[in-house]
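# Summary of structural features
Here's the letter readout for the chains.
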Amino acid sequence: MQADWNQTGHLLGLEGCSRSSLISLLDDAAQLLPIARNESTGTGEFIGRTVATLFFENSTRTRLSFTMAARRIGADVLDLNASTSSTAKGETLLDTALNIQAMGVDAMIMRCTASGGPQLVSQHARVPIINAGDGKHEHPTQALLDALTLCQHFQKKTLEGLTIAIVGDIASSRVARSNAFSLTTLGADVVFVGPPSLVPPEMESLVESDRDGVGTIRIAHDLDAVLQDIDAIMMLRVQFERHGGEGIDERYSQQFGLSTARADRLPDGVPVLHPGPINRGIELDPEVADGNRSLVLDQVTCGVAVRMAVLQGLLRGQSS
Ligand code: NCD
């Protein structure tokens, strides 16, 4: 198990994070929401500091919201364009990261296809490393923004007593894994829903749920059977780039897509989340994605606030 993020000086994952450190980070992020909503001006606390974004996998929301978050706290952003960088000439991830560190950056935000890539770099780096998604492993800031969105929606500091369905390609999803750690640590029960090929039985033992106040994880293969038992539903994209989507056909959408008809059978007030990018018509109908239940754009705004909180927490721990 990983150590709690605030003891390591890096944010590599949410496995092992305590409830108190999650609550305190979410509290900080909630305070920053007016800035994330552009209702008040940024803090300027880190003027003169520079954070680097190293994205070796595609990204829209995560990279831009880290950039926005860094600027809102006054920091400059140095952005590596991975497709035109020397990684295309065979340079290793670690060499690239250490070269960028040598330019004098104060933190590095990394996304890569290799699970454990940010952890490896953190063992050699002297600046904070933030994992922005590593392969199928973890995507901690996504799960933090999901938790903030849910806490704001339900007006609660923890998620005790709530049951949250995470539906889709669980096996390949770093979002599902990070959420399993944070949601259960905040007290929610999680139901992973999808076909057996995308929801392997071992996902049920991802967390030790006999710890005090920690929620449980269970698996369901029939989405319709759980609709009445849940307080929120998070739809995930099928990760075609990781497995080619073999065996995924129109039956997938019929059984596991959140169509308008299926969404109408959810109890009143059950919100719909999705980390993006949405494959409209596959896992989520456009009417649901844009409808009253959707928190999709709130998630994006919460992402800026959470990333500001993470960056300021880590940069404060660094001597300037
Ligand atoms: C997710 C990711 O990259 O893991 N997206 C995101 O960060 N907003 C989920 C996905 O790609 O489906």
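Throughout, residues of each chain are indexed from 1 in the direction in which the sequence is written. Where local features are concerned, this predicted model is filtered to residues with pLDDT of at least 70; where side-chain atom pairs are given and counted, the filter is 80 or more; whole-chain, interface and lining totals use all residues. Side-chain descriptors were evaluated using all non-hydrogen atoms of the structure, hydrogens and water having been removed beforehand.

### Section: the overall build of the protein
Strands are runs of DSSP state E lasting at least 2 residues, helices are runs of H or I lasting at least 4, and numbering of each runs from the N terminus. Scanning the protein for helices and strands turns up 13 helices and 9 strands. Its C-alpha atoms give the protein principal-axis dimensions of roughly 55 × 45 × 40 Å. Burial statistics for the protein: of 320 residues in total, 55% are counted as buried. Pairs at least 24 residues apart make up 74% of the contacts formed inside the protein by residues separated by at least 6 positions. In the structure as shown, the protein presents an accessible area of about 13300 Å², 46% of it carried by carbon and sulfur atoms. All tallies of charge rest on Lys and Arg as positive and Asp and Glu as negative; His and the ends of each chain are not included. Taken as the charge centre is NZ of Lys, CZ of Arg, CG of Asp or CD of Glu, depending on the residue. Where the 26 positive side-chain charges of the protein centre and where its 38 negative ones centre are 5 Å apart. Here's how the labels work: a residue is buried when its accessible area is under 20% of the maximum for its type, exposed when over 50%, partly exposed in between, all with a 1.4 Å probe on protein chains only. Throughout, a residue-residue contact means that at least one pair of heavy atoms, one from each residue, lies within 4.5 Å. Residue-level accessible areas treat just the shown protein chains as cover; the underlying method is Shrake-Rupley with a 1.4 Å probe.

### Considering the site of the ligand
In the region of the ligand, the neighbouring residues are R61, T62, R111, H139, Q142, R174, V175, R237, Q239, P275, G276 and P277. Counting of polar contacts relies on pairs of N or O atoms within 3.5 Å, with two restrictions inside protein: one atom must be capable of donating a hydrogen and the other of accepting it, and residues adjacent in sequence are counted only when both atoms are side-chain atoms. Within the contact set of the ligand, an oxygen atom lies 3.0 Å away from a side-chain nitrogen or oxygen of R111. A distance of 3.0 Å separates a nitrogen atom of the ligand from a polar atom in the backbone of P275. With the chains in place, 93% of the 320 Å² that the ligand exposes on its own is no longer accessible. Working definition: residue near molecule or strand if any one of its non-hydrogen atoms lies within 4 Å of it.

### What about the sheet that holds strand 2 (residues 76-81)?
Taken in spatial order, the 4 strands make up an open sheet running 2-1-3-4, and their pairing is parallel. Bordering the open sheet on either side are strand 2 and strand 4 (129-134), each of which pairs with just one other strand. This sheet shows a mean twist of 15° between the axes of neighbouring strands, independent of strand direction. Two strands pair when backbone bridges link them, and strand 1 (residues 50-55) and strand 3 (residues 107-112) are joined in this way by 5 bridges, in the parallel orientation. Residue pairing in the sheet places F55 in a bridge with R111 of strand 3. The axes used here are C-alpha line fits, helices contributing only the stretch in contact, and every angle between their N-to-C directions lies in the interval 0 to 180 degrees. Helix 13 (residues 296-316) contacts strand 1, strand 3 and strand 4 of the sheet and is inclined by roughly 145° relative to strand 4. The criterion for strand pairing is that DSSP finds at least two bridges linking the strands in question.

### A closer look at the packing of helix 6 (residues 140-154) against helix 13
Helix 13 packs onto helix 6 with a crossing angle of 115° between their chain directions and a minimal axis gap of 8 Å. Where helix 6 crosses over helix 13, the handedness of that crossing is right-handed. Contact residues: T141, Q142, L144, L145, D146, L148 and T149 in helix 6; D298, Q299, C302, G303, A305, V306, R307 and V310 in helix 13. Per-class residue counts for the contact of helix 6 with helix 13 are 7 nonpolar, 5 polar and 3 charged. Two helices cross in a left-handed way if the nearer one is turned anticlockwise from the farther one by less than a right angle. They cross in a right-handed way if the turn is clockwise. Residues were grouped as follows: Ala, Val, Leu, Ile, Met, Phe, Trp, Tyr, Cys and Pro as nonpolar; Asp, Glu, Lys and Arg as charged; and all remaining residues, including Gly, as polar.

### Points about helix 4 (residues 93-102)
Owing to its 3.6 residues per turn, the α-helix brings residues three or four apart onto one side. Here helix 4 has its buried residues at L93, L94, T96, A97, I100 and Q101. Buried residues of helix 4, seen end-on, are gathered within an arc of 165° and therefore sit on one face of the element. Elements that come into contact with the buried residues of helix 4 comprise strand 1, strand 2, strand 3 and helix 5 (117-122). G104, located one to two residues past helix 4, shows a positive phi value of around 100°. Regarding the arc, it is the one traced by the directions from the helix axis to the C-beta atoms.

### Quick look at the packing of aromatic side chains
Paired rings are identified among Phe, Tyr and Trp, the last through its six-membered ring, by centres lying within 6.5 Å, and are further divided according to the angle between planes into stacked (under 30 degrees), edge-to-face (over 60) and tilted (the rest). Taken as a whole, this structure holds 1 aromatic pair when the rule is applied. A ring pair is formed by Y252 and F256, whose centres lie 5.7 Å apart and whose planes are at 40°; its orientation type is tilted. With Y252 and F256 both in helix 10 (residues 250-256), this residue pair falls 4 residues apart, about one helical turn. Both residues of the pair, Y252 and F256, count as buried.

### Regarding the domain arrangement of the protein
On domain assignment, one finds that the protein holds domain 1 (5-139 + 300-319) and domain 2 (140-295). Note: buried area is the sum, over both parts, of the accessible area (probe 1.4 Å) each one loses when the two are combined. In this assembly, domain 1 packs against domain 2 so that about 2700 Å² is buried in total across both faces, 63% of it on carbon and sulfur atoms. If you sort the residues of domain 1 by the area they bury against domain 2, R19, K136 and H139 come out on top, with a joint share of 27%. When a carboxyl oxygen of Asp or Glu lies within 4 Å of a side-chain nitrogen of Lys or Arg, that pair is called a salt bridge. On inspection of domain 1 and its partner domain 2, the count reaches 4 salt bridges. Either an automatic procedure or a domain database provided the assignment from which the domain bounds are taken.

### Here we look at the sheet that holds strand 5 (residues 163-167)
Ordered by their spatial adjacency, 5 strands build an open sheet running 7-6-5-8-9, and the pairing between neighbours is parallel. Each edge of the sheet is formed by a strand with only one pairing partner; in this case those strands are strand 7 (217-220) and strand 9 (272-273). Alignment of strand 8 (residues 232-235) against strand 9, held across 2 bridges, turns out to be parallel. Bridge assignment links I233 to a residue of strand 9, and that residue is V272.

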